[in-house]
Each structure stands twice: as structure tokens, then as C-alpha cells.
Amino acid sequence: MIKIIKLSLVAVLTTSVVFADGNVGAKDTVREKITNVGSPEIIHGDEASNFDELFTKGKVSGQLEVMYSGFDEGSSNNPTGADPYSTAIGGQLKFDTGHWNGFGAGVKFTTVHEIKPISGDNDKGKRDVQTVSADGAYTELSQAYLEYINKGFTIRGGRQLIDTPLADSDDIRIVNNTFEAYTAMYKVDDITLMAGYLDRWQGSDAGLDNDEAWIDTGADDGTYFAGADYSGKLFHLSVWYYDIAGEVGDQTGNKSVYIDATLHALKGDDLTLDISTQYLNQREEDSSDIEADLYGVVFEVGISDLSFMAAYNKRSADNDKTSFAGFGGGTLFTNMDNMITDTIIGGDVDVYVLGTSYEIGDVTMGYAYSRFKSDVINTGIFARTKEDIVEHNIGAEYAASENLTFFAIVTIDDDKENTGSSAINNSGDYTHVRISASYNF
């Protein structure tokens, strides 16, 4: 069982790629840890000696999850007067065939349904649509792919799970993001190469729209990407390139280059120190207004079961330009449960995060403090007041068994300037409570 809320200072703080046989690197932002709480293990079918054994050697896996998600807006600025909350049950069921001469396939269904007696009245604006959709239920064939695996080479086409810097699963609710894509990966020793094309995506970040579940990743031409990852004992380096198509009027089109590196400065049994840096360069395409440079650094110290982290990100952009976090939760070190840098649109942004965690047996407790600051923009398309938003994340995880995990997180946003940028219903301050129990099989 992975201890996720723990700000794991012994892990590598860089890009995560979930593809084929598992993870390449590990991205240790607060949001990424929440994403992976209780995540199902990636399972493949056994080797088949003939076509019939493709199915008899296959494996069934899945997850059942119950989640409560509720907001307390706590402000007269809330235009609906509603504090959304929903309790939901759902999960996923997957079948992976065996592999015959390297060929195999996988299919996964994902579903979530609101438990109405203990959920808000949607007619009064009290349903948490981020968790259960506007309709109160959502079911989708989230994965359906063919693949070929030969030694270190894997090629996959169809609906699939992908985690890269600007396209990721962001699995912080019951329905995670998946992509209609064509991808290829080659792994040899400590080096992994990956490239692909992303056509459409679905999931909580894509809107959970039952009428149009799958939406374009970058206008009609989609997104092309390529990346290289080196994971050594003392050093980690990851480099990625994205060509995201756009069209006039939407704020997606750009060409992005992302680089991160980690030095494992100390690697003792009871004392560790990791130092990581990152850089994201985005250049505008199709008048998208996406053009920025983003820099980041994080220090993590682990002392036995106690850990500490300090992170900083800077967005440098003109007042009429902004950045694009991609399709998912984003890749910056300072990403929190709610707030990410892109929440503040336009101009320069500075973000600071401090965090700590402690592990006691099967229980892990963590706390993270962040502050997002940006100066006023007086004119232009992104004109706004000064931004100063503080977010607290307080979480706990209990691994009751290898398959059963309980998790809770309280997110508190304090909008010092009362601009409403961080809010669900346009109020500056709010509290969000999310509690879940998940069982993997």
C-alpha cells in the first residue's frame, strides 16, 4: 500500500508516467499524493500460448469506492445560497486479456451514482457536480485498448490511462481522467522514452457530461507529445514536449517544453534529502493567449517517519498572457487539492508551500500550507484585482488492509482579497471536506 498523503520525502519528486507496467518516476505534489490514495494496482493478464488462452489467461480487477464531498461557502458573496454536497458510490471494473505473441487488450467500465438521501437537492444548486455530474450519475467505457508488448517496447491504441506532466489521470474523485490516444514507450535500464497522440479525454476534469463525455484535447487536431526520463540512484531527469492544437477563441493552443530534475542529496535509512527543480515554457498558438515561463524548486527532508517539504513556483507572463496546466491536475510542485497556479488567470504569480507529515503504523497524517499571490492587472482581457489566496490541506489515510483504504481531507481556502478566484460558487472563502473508503480487488 502506497502512503500517499505523506509528503514522501524519500520519493523522487518528478514526472509520473503511468503506462504499461507501472510508474516511471513519482510526482510528489500534495495533489498527486491525494490522487494516488487507494489507487488500484496496474494488472496484466498472463502469457497465452494460443488465441483461446487470450481470455482464459485474462484477469479481472477493479475498485469499489464510497465518497462524501461537501462545501461550506461561508460567505454572503455566494449567489445561489447553496453549499453543494453529495455522497456517491461507484468505481471501476476492468478485464485484461492474456498476451499472445505480445498482443493483448484491456477494457474498463467506470461509474458513479449519487446516494440521494444523503446528498444535496440539485434543484436548489446543492449537488456536487464535480463528483457525480450534473445528472447525479455517470457511466462510461473509460478504457478500451489494444496493445503490443515486446521486452522493453510497448505500443497501445485506444482509450487508456496516461499520467504525464500536461495530461494526467488526476484521480482525486471516483472518476479519473482517461484518454483516447495512441502511445508508444521504450524502456531500457534507467531510461524511458515515450511518445504519442492524444485525441479526446473524459473524466472529472473534463466535466462528466453524459451527453458529450469525450471532448477534444486541443481543438480538432489533438495533442502530440514526446518525453524522455532518466531515473538513476542519485539523479533523475525528465524532459517533455507537447504540441497542443488550438483554435481562435479558446485558451489551449500552445507548444510546451517541460523539464524537471531531482538530486537525491542524502539517502540514509533514517535521513533523506531530495532537491528538485522544474521549468515549463509555453508559447502561444492560434491566438490562445497561452504564453508563460514557469519555474519551481522543492526541498524535502525525511527523518524516520517524519517528513517536511518546502516548495516555490513562479509564473512569469505578460498581463495579457497566461499559462495552461494541461488536461488534468497539472504538474507544478505547489499544486494543492484545490488551488493551482492556473486558477489565477493572467500575469505573474508567486506560490509558496510548506508541508509536513507523520506516519504511525498504518495511519499517515499530513498538513500543507500554501499562498498564491499576484499583483493587480488594471487593463486588458485579464484585468482583475490583486490576488492573495491561502489554502490549507489537512489529511489522513488509514490502510486497513492491502485492499481497503480510508481517506479524509479538509481543504480550507482563505481569499485575503475576497476576489472569489478560488471558490466554487464565486465566494472568496470556503471549506471543502472529502471522505472516502475504497476497496480494490
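Rules used in this analysis
- Residues numbered from 1 in each chain as written.
- Predicted model: local features only at pLDDT ≥ 70, side-chain atom pairs only at ≥ 80, totals over all residues.
- Heavy atoms only, no water.
- 1 Å grid on protein atoms, 1.4 Å probe; cavity = no way out; pocket = protein on both sides within 12 Å on 5 of 7 lines; lining within 4 Å.
- Points joined across faces, edges and corners; volume = space filled by probe spheres on them.
- Nonpolar A, V, L, I, M, F, W, Y, C, P; charged D, E, K, R; others polar.
- Core = buried A, V, L, I, M, F, W, Y, C linked by side-chain atoms within 4.5 Å.
- Buried < 20%, exposed > 50% of the residue type's maximum accessible area, 1.4 Å probe, protein only.
- Helix = DSSP H or I, 4+ residues; strand = E, 2+ residues; numbered from the N terminus.
- Contact = heavy atoms within 4.5 Å.
- Salt bridge = Lys/Arg side-chain N within 4 Å of Asp/Glu carboxyl O.
- pLDDT = per-residue confidence, 0-100.

S.K.: Explain empty space enclosed by the protein to me, please; I cannot follow it from the model alone.
M.R.: The probe, sized like a water molecule, is rolled over the atoms to show the empty space still left. According to the stated counting rule, one finds four cavities of 30 Å³ or more in the structure shown. As for the second largest cavity, its lining consists of 13 residues, of which Ala 325, Gly 330, Thr 331, Leu 332 and Asp 342 are closest to the centre. Of the residues contributing to the lining of the second largest cavity, the split by class is seven nonpolar, five polar and one charged.

S.K.: Which parts of the structure should I look at to understand the nonpolar core?
M.R.: Across soluble globular proteins, you tend to see nonpolar side chains buried next to one another. Formed by 23 residues in total, the largest nonpolar core has its most connected members in Phe 179 and Leu 198. Counting residues per element, the ones that place at least two in this core are strand S10 (178-188), strand S11 (191-202), strand S14 (235-244) and strand S17 (292-303). When residues no more than four places from it in sequence are discounted, the contact partners of Leu 198 are Ile 162, Ala 167, Phe 179, Glu 180, Ala 181, Thr 217, Gly 222, Thr 223 and Phe 225. Met 336, Val 349, Val 353 and Ala 368 belong to the second largest nonpolar core, which has 13 residues in total.

S.K.: When you look at the pattern of salt bridges in this model, what are you seeing that I'm missing?
M.R.: Between side chains of opposite charge, pairing is possible as soon as their charged atoms come close. This structure, assessed with the given rule, holds 16 salt bridges. Taking the shortest distance from any N to any O, the salt bridge between Arg 159 and Glu 180 comes out at 2.9 Å. Taken together, the residues span a long stretch of sequence, with Arg 159 in strand S9 (residues 153-160) and Glu 180 in strand S10 at a distance of 21 residues. A single burial state applies to Arg 159 and to Glu 180, both of which are buried. Where Asp 350 meets Lys 314, a salt bridge forms, and the shortest distance between an N and an O atom there is 3.5 Å. Of the two residues, Asp 350 is situated in strand S19 (residues 349-360) and Lys 314 in strand S18 (residues 306-316); the sequence distance between them amounts to 36 residues.

S.K.: What's the story with the environment of Thr 154 in this structure? I'm lost.
M.R.: Structurally, the position occupied by Thr 154 is in strand S9. Given the relative accessible area of 2%, Thr 154 is considered buried. It is 9.9 Å that separates the C-alpha atoms of Thr 154 and Phe 103, two residues lying 51 residues apart in sequence.

S.K.: Would you take a moment to explain the confidence of the model for the protein chain for this structure?
M.R.: Parts of the prediction with low pLDDT should not have their coordinates interpreted in detail. Mean pLDDT over the protein chain stands at 88; residues scoring 70 or higher make up 86%. Per-residue pLDDT stays below 50 along residues 1-26; that stretch engages in 124 contacts with residues further than four places along the chain or on separate chains.

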